[in-house]
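Per-entry structural report
So the chains spell out like this:
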2 protein chains.
Amino acid sequence: MLFETKKPKEYDKKLIKDEIDLLQNRLSVLQQALKERKIPTIILIDGWSASGKGRMMSALNAELEPRDYSVFSSTTPEIGELRRPFLWRFWRDIPPKGKMGIFERGWYREVIDCFDDNSRRAADMIESIEVFERQLARDGYLVLKYFLHMDKKAQKERLDRLKDNETTSWRVNSSDFEQNEQYDKRFDTRSRLMAATNYQYAPWTVINNEDRTLGTHSFLTSVCESIEHALEHGLPPAPPPGTMFSKAQVPNPSTIIMPPAMEQKKYKESLKKLREEIHELHSRIYRKKIPVVMCFEGWDAAGKGGSIRRLSSALDPRGFDLHAIAAPTSEEISRHYLWRFFTRLPKTGHMAIFDRTWYGRVMVERVEKLTDPARWNDGYDEINEFERELVRWGAVVLKFWLQIDQQTQLARFVDRQETPEKQHKITDEDWRNRAKWGEYEQALLDMLEHTSTEQAPWTIIEANDKKFARIKVLKTVKEALEKALEE
Amino acid sequence: MLFETKKPKEYDKKLIKDEIDLLQNRLSVLQQALKERKIPTIILIDGWSASGKGRMMSALNAELEPRDYSVFSSTTPEIGELRRPFLWRFWRDIPPKGKMGIFERGWYREVIDCFDDNSRRAADMIESIEVFERQLARDGYLVLKYFLHMDKKAQKERLDRLKDNETTSWRVNSSDFEQNEQYDKRFDTRSRLMAATNYQYAPWTVINNEDRTLGTHSFLTSVCESIEHALEHGLPPAPPPGTMFSKAQVPNPSTIIMPPAMEQKKYKESLKKLREEIHELHSRIYRKKIPVVMCFEGWDAAGKGGSIRRLSSALDPRGFDLHAIAAPTSEEISRHYLWRFFTRLPKTGHMAIFDRTWYGRVMVERVEKLTDPARWNDGYDEINEFERELVRWGAVVLKFWLQIDQQTQLARFVDRQETPEKQHKITDEDWRNRAKWGEYEQALLDMLEHTSTEQAPWTIIEANDKKFARIKVLKTVKEALEKALEE
């Protein structure tokens, strides 16, 4: 159905060309309207070999304000890209609010090659794409996808023409002609892929580009009309995240029993032993190219920094990155909230330690009313979907909540305030957060309920005693790495 | 002389270890002082194979605030990095003000391999490094370089020990042992390289790391003392750029004779022909992997945008990027001003078009007093040095100044104000800039005098007539590409 495009008939070429000029001007006005309304737009252009993607992109950009769009052409992924989840490089390139990202082929380039084999991998990729496009649409991105179409005969003619011209012959090679020979099979695959990914919030439009002038005209018309529709009637509706995730039991941190303080001698011995074991496991993880993502959350003054330090100083600094997450920068705030986490994922074989994480979405952003309730509510399953990407990629995902009680926090705050070297660690904000303990506690319980999943369960760390907490963190890390190496 | 380190003797290991703890704490306090003073710091750690670089980095980071430092380990460059100038990836990674960048081997990794062959390339690399470190130091970066040393026998012992241990044997390979066999020759090369790059503003310190405890102690002592010295007495002085660049003649734009308006018919024909020629040249440039950097500067309303559009729409959008340079973001303002240009350089075979450029340093930053006169004065030769990097890398560098007279600007401003679709192109700032015509004219003349070099001359475009201007731009581009393809 997607492919039922009108056949070109005789027409007044001059008239159509003038209309194209007008469409390009109209598009530049629309671009400014999108900018004013702070709507980010993604335009993806896929199509058969030699279907004229490059020229179509030229026609699209002709009158656009260069400050407000970026072009991402189809490239073979580099090593660092191959060592990240499939969509990593596209997450990296999403435009900020009010700007346009124009993708040649984009995330459909890789999926088409394996779509036909009915593999688990292909099914996962389709699901990843669905999540990616839905999460963006749900966050206010306008997502438009185009496929430049030509029939077998028209493609063959264009390939021949390119090949026979001295200045363009390098653009075509034998695989293009092979593709043409297998056109019917490929058409079938392509149709099924597009049907499977033709979402209301990220629809495909097929443009018949056998005649470039008519093709350009209908492409620009469609882009203009889609943008106008979005400006007048709002973006096409995107559903909330819908998958069910199996939940993993997790104790209620508020009622957890705190163990007695650990003896100094036992602590020192365990610490030394665990650090040596983790150091060695790290080098095996590195050689086996397993990525590791470790998340630290907890009350202010619960001892996240101290636990992370005991862990990180046992690791080879060349094999991990430590990300201390603070308030988002202007670059970060103007994109989907997962952007700054996606872009910080490690390479396979490397570790990323997050001191505070994407869970800020459903904690601080909720309690401090920084985000609309509908959006942070989506956050639970958006996060589960994000973590599913990590797990499928092969990552070890560890999530720690460092629990202390209110009295312990008070004692540590007072200590920080009274100790000159620690004063920089305590601010008015810490006291303000403390005053909202009850609200944070509710947010915490909801977070654990919704995001302690079988794929990525939470570990609650009893942290009234710092020594116990550090040892439990290290032990959990050690066991998780051992398990990953066994598999 | 660099390598005359004290030999370890008998010592109280427990005492030294306690001192290391103290040094790590002292460093964390110093880190906060650097942050408050907004001083960016670069610490580079090089050393023989198996000299303990990883552990030294761990010791360095042990008590640092993770928010305020980043680690860059030594990696083989990826394709996208190889297709940029040698220092591109290190420019990309320089820390912002107040933060620390810790580099394992960094830019010395690549140069050591070719330093011995006395090639032109090695000499160029050394010059590039000198410029890089000096420009950073001159901009307020504290640059510290360490080499972890051990003698031939100590290295052999450590390699053997690594090899014999099951968990570490993968870390060493035959090339490490080969290195050890050729130690004397390598020592000689290394000494000469370090002597050649031992600048007062970016000095080398050799740390004898045969005994790790003593090595760590002297390393941390040196880092602490260097930072304390910088905090108390200021950074080590870095000289201004000193190279002489051969100048290329350029007419005075203020007295240039504007040609008569071009006929519409002739314009249309020339435009069509030039665009076709450039389209084809672009594909040859792409295949020959020549990078192209095109800079557009000119008075407000001189027609930069229109000229760029006529050029860019003739190019395949997959082969160029258009960078519209506006006021720097907070990420950009907190680094050396060339950072945002270095990071935007194209891959070989690609083109980058800059709508406004690094010349803002000596134009708007000067006239609007955004930058200290001593610093923008450095800018001329810093820019010449930057462009020399581009030329050595093999880039075609084109720099256009679009010249109009004051009356023409007034007429265009008025037209913009009176035409609804053009109103967004004119702001109060344009009028304020216009009021400073004289000051900008002086800045322009100084800029042309200092930066129209033989390696990268300016082209003045007479732009009172837009058609003439566009044709002259396209013609200049065409000829430059042809010339590059002939070489």
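Since we're looking at a predicted model, the values are computed, not measured. (Residues numbered from 1 in each chain as written. Chains lettered and ligands numbered in written order. Predicted model: local features only at pLDDT ≥ 70, side-chain atom pairs only at ≥ 80, totals over all residues. Heavy atoms only, no water.)

On to the overall build of chain A. Per the secondary structure count, chain A includes 20 helices and 10 strands. Taken along its principal axes, the extent of the C-alpha atoms in chain A is 90 × 45 × 40 Å. Every one of the 487 residues in chain A was classed for burial, and the buried ones make up 56%. Of the roughly 21,800 Å² that chain A leaves accessible, carbon and sulfur atoms contribute 49%. Separation of charge centres in chain A, based on 79 positive and 78 negative side chains, amounts to 4 Å. (Helix = DSSP H or I, 4+ residues; strand = E, 2+ residues; numbered from the N terminus. Buried < 20%, exposed > 50% of the residue type's maximum accessible area, 1.4 Å probe, protein only. Areas by Shrake-Rupley, 256 points an atom, 1.4 Å probe, with all protein chains shown as cover. Lys, Arg positive; Asp, Glu negative; His and termini not counted. Charge placed at Lys NZ, Arg CZ, Asp CG, Glu CD.)

We now examine the sheet that holds strand 7 (residues 320-324) of chain B. All names here are of chain B. One open sheet accounts for 5 strands, arranged 7-8-6-9-10; its pairing is parallel. Looking along the sheet, the strands with just one partner apiece sit at the ends: strand 7 and strand 10 (458-462). Between one strand and the next, the sheet's axes are offset by a mean angle of 20 degrees, whatever the strand orientation. Alignment of strand 6 (residues 292-298) against strand 8 (residues 351-355), held across 5 bridges, turns out to be parallel. Bridged to Val293 within strand 8 is Ala352. Set on the sheet, helix 12 (residues 304-312) makes contact with strand 6, strand 7, strand 8 and strand 9 (396-403); between it and strand 6 the angle comes to about 155 degrees. (Pairing = 2+ DSSP bridges. Axes fitted to C-alpha atoms, helices over the stretch in contact; angles between N-to-C directions. Contact = heavy atoms within 4.5 Å.)

The next subject is the interface of chain A and chain B. Contacts between the two partners involve 39 residues from chain A, matched on the other side by 39 residues from chain B. With both sides pooled, the region where chain A packs onto chain B buries about 3,600 Å², and carbon together with sulfur makes up 52% of that total. For the chain A face of the interface with chain B, the top three residues by lost area are Trp170, Arg309 and Arg318 of chain A, together amounting to 18%. One can count 6 salt bridges joining chain A with chain B. With a closest N to O distance of 2.6 Å, Arg318 of chain A and Glu104 of chain B form a salt bridge. Summed over the shared surface of chain A and chain B, the result is 16 residue pairs in polar contact (both at pLDDT 80 or more). Secondary-structure elements contributing two or more residues to the side of chain A that touches chain B are helix 2 (53-61), strand 2 (69-72), helix 3 (79-82), helix 11 (264-287) and strand 7 (320-324) of chain A. With 6 residues, the single largest contributor to the side of chain A that touches chain B is helix 2 of chain A. Partitioned by chemical class, the residues of the side of chain A that touches chain B number 15 nonpolar, 10 polar and 14 charged. (Buried area = accessible area lost by both parts, 1.4 Å probe. Salt bridge = Lys/Arg side-chain N within 4 Å of Asp/Glu carboxyl O. Polar contact = N/O pair within 3.5 Å; in protein donor to acceptor, adjacent residues only side chain to side chain. Nonpolar A, V, L, I, M, F, W, Y, C, P; charged D, E, K, R; others polar.)

The two copies are related by a screw operation: chain A maps onto chain B through 180 degrees of rotation and 0.0 Å of translation along the axis, at an RMSD of 0.0 Å. In symmetry terms, the pair is related by a two-fold rotation axis. For chain A, the residue whose C-alpha comes nearest the rotation axis is Glu78 of chain A, separated from it by 3.5 Å. When the interface residues of chain A are mapped onto chain B, 100% of them again lie at the interface, so the same face is used by both copies. (Least-squares fit on C-alpha atoms with pLDDT ≥ 70 in both.)

On to the packing of aromatic side chains, then. The description of an aromatic ring pair rests on the distance of the ring centres and on the angle between the ring planes. Scanning the model with the defined rule gives 54 aromatic pairs over all chains in all. When the centroid spacing of 4.9 Å and the interplanar angle of 85 degrees are considered together, the rings of Trp107 of chain B and Phe132 of chain B count as edge-to-face. Residue Trp107 of chain B is found in the loop between strand 3 (100-104) and helix 5 (108-115), and its partner Phe132 of chain B is found in helix 6 (residues 120-138); the two are separated by 25 residues along the sequence. Taking the relative accessible area as the measure of exposure, Trp107 of chain B reaches 0% and is therefore buried. The class for Phe132 of chain B is buried, based on a relative accessible area of 1%. Sitting over the ring of Trp339 of chain A, Arg335 of chain A keeps its end group 4.3 Å from the ring centre. Here the basic side chain of Arg190 of chain B rests over the ring of Trp48 of chain B, its NZ or CZ set 6.0 Å away from the ring centre. (Phe/Tyr/Trp six-rings, centres within 6.5 Å; stacked < 30°, edge-to-face > 60°. Lys NZ or Arg CZ within 6 Å of the ring centre and 35° of its normal.)

For the rest of this paragraph, the subject is the pairing of strand 2 (residues 69-72) of chain B. Residues and elements named next belong to chain B. Side chains Tyr69 and Val71 of strand 2 all project onto a buried face; the interleaved residues Ser70 and Phe72 project onto a face where none is buried. Sheet topology places strand 2 next to strand 3; 4 bridges connect them, and they run parallel. Among the inter-strand pairings, Val71 is bridged to a residue of strand 3, identified as Ile102.

Here we come to the pairing of strand 8 (residues 351-355) of chain A. Residues and elements named next belong to chain A. With 5 of 5 residues buried, strand 8 is to be regarded as a mostly interior element. Burial along strand 8 is two-sided: the residues Met351, Ile353 and Asp355 and Ala352 and Phe354 are all buried. The pairing of strand 7 with strand 8 spans 5 bridges and is parallel. Bridging from a neighbouring strand, Leu322 pairs with Ile353 of strand 8.

It is worth spelling out the side chain of Asp378 of chain B at this point. All names here are of chain B. You can see Asp378 is positioned in helix 16 (residues 373-393). The exposure class assigned to Asp378 is buried, which follows from its relative accessible area of 7%. Within the structure, Asp378 has its side chain in polar contact with the side chain of Arg375 (distance 2.8 Å). Every residue in contact with Asp378, bar those within four places of it in the chain, is listed here: Arg138, Pro240 and Pro241.

This part takes up the confidence of the model for chain A. The predicted coordinates of low-pLDDT regions are not to be read in fine detail. In this model, chain A carries an average pLDDT of 94, and 99% of its residues clear a pLDDT of 70 or more. The ipTM for the predicted assembly is 0.85, set against a pTM of 0.90. (pLDDT = per-residue confidence, 0-100.)

So, on to the sheet that holds strand 3 of chain B. Residues and elements named next belong to chain B. Taken in spatial order, the 5 strands make up an open sheet running 2-3-1-4-5, and their pairing is parallel. Each edge of the open sheet carries a strand with a single partner, namely strand 2 and strand 5 (204-208). Ignoring strand direction, the axes of neighbouring strands in this sheet form an average angle of 20 degrees. Most of the contacts of helix 9 (residues 183-196) go to strand 4 (residues 142-149), to which it runs at about 165 degrees, and overall it touches strand 1 (41-47), strand 4 and strand 5.

Residues and elements named next belong to chain A. Counted under the stated rule, the structure contains 90 salt bridges over all chains. Ionic pairing is found between Glu130 and Arg134, a salt bridge with its closest N-O pair at 2.8 Å. Taken together, the positions of Glu130 and Arg134, both in helix 6 (residues 120-138) and 4 residues apart, correspond to about one turn of that helix. The salt bridge involving Lys265 is made with Glu269; its shortest N-O contact spans 3.2 Å. Residue Lys265 and its partner Glu269 are located together in helix 11, separated by 4 residues, close to a single helical turn. Each of Glu81, Arg89, Arg92, Asp93 and Glu110 takes part in a single network of salt bridges with overlapping partners.

Moving on to unusual backbone geometry. Apart from glycine, the bulk of residues carry a negative phi angle, and the bulk of peptide bonds sit in the trans form. All names here are of chain A. Phi at Ala50 is positive, roughly 65 degrees, even though this residue is not glycine. Checked against the element boundaries, Ala50 lands in the loop between strand 1 (41-47) and helix 2. The backbone phi angle of Arg356 is positive, close to 75 degrees, even though this residue is not glycine.

It is worth spelling out the environment of Arg109 of chain B at this point. Residue and element names in this part refer to chain B. Within the element layout of this structure, Arg109 appears in helix 5. C-alpha of Arg109 to C-alpha of Thr76: the two residues are 33 residues apart in sequence and 9.4 Å apart in space. A distance of 3.5 Å separates a polar side-chain atom of Arg109 from the backbone oxygen of Thr75.

Before going further, it helps to examine the packing of helix 11 (residues 264-287) of chain B against helix 20 (residues 466-486) of chain B. Residues and elements named next belong to chain B. For the pair helix 11 and helix 20, the least separation of the axes is 9 Å and the interaxial angle reads 30 degrees. Taken together, the axes of helix 11 and helix 20 lie roughly parallel to each other. Classified by chirality, the crossing of helix 20 by helix 11 is left-handed. Here Gln264, Tyr267, Ser270, Leu271, Leu274, Arg275, Glu277, Ile278, Leu281, Arg284 and Ile285 of helix 11 come into contact with helix 20, specifically with Lys467, Arg470, Ile471, Leu474, Lys475, Val477, Lys478, Leu481, Glu482 and Leu485. (Parallel < 35°, antiparallel > 145°, perpendicular 65-115°, else oblique. Left-handed = near helix turned anticlockwise from the far one by under 90°.)

Now for the environment of Arg26 of chain B. Residue and element names in this part refer to chain B. When you line up the elements, Arg26 lands in helix 1 (residues 13-36). The exposure class assigned to Arg26 is partly exposed, which follows from its relative accessible area of 32%. As a C-alpha pair, Arg26 and Glu486 span 460 residues in sequence and 60 Å in three-dimensional space. Apart from the residues lying within four places of it in its own chain, the contact partners of Arg26 are Cys224, Glu225 and Glu228.

Most of helix 2 of chain A sits out of view: 8 of its 9 residues are buried. Among the residues making up helix 2 of chain A, those that are buried are Lys53, Gly54, Met56, Met57, Ser58, Ala59, Leu60 and Asn61 of chain A.

The next point concerns helix 12 of chain B. By the burial criterion, the buried members of helix 12 of chain B are Lys304, Gly306, Ser307, Ile308, Leu311 and Ser312 of chain B. Close packing links the buried residues of helix 12 of chain B with helix 11, strand 6, strand 7, strand 8, strand 9 and helix 20 of chain B.

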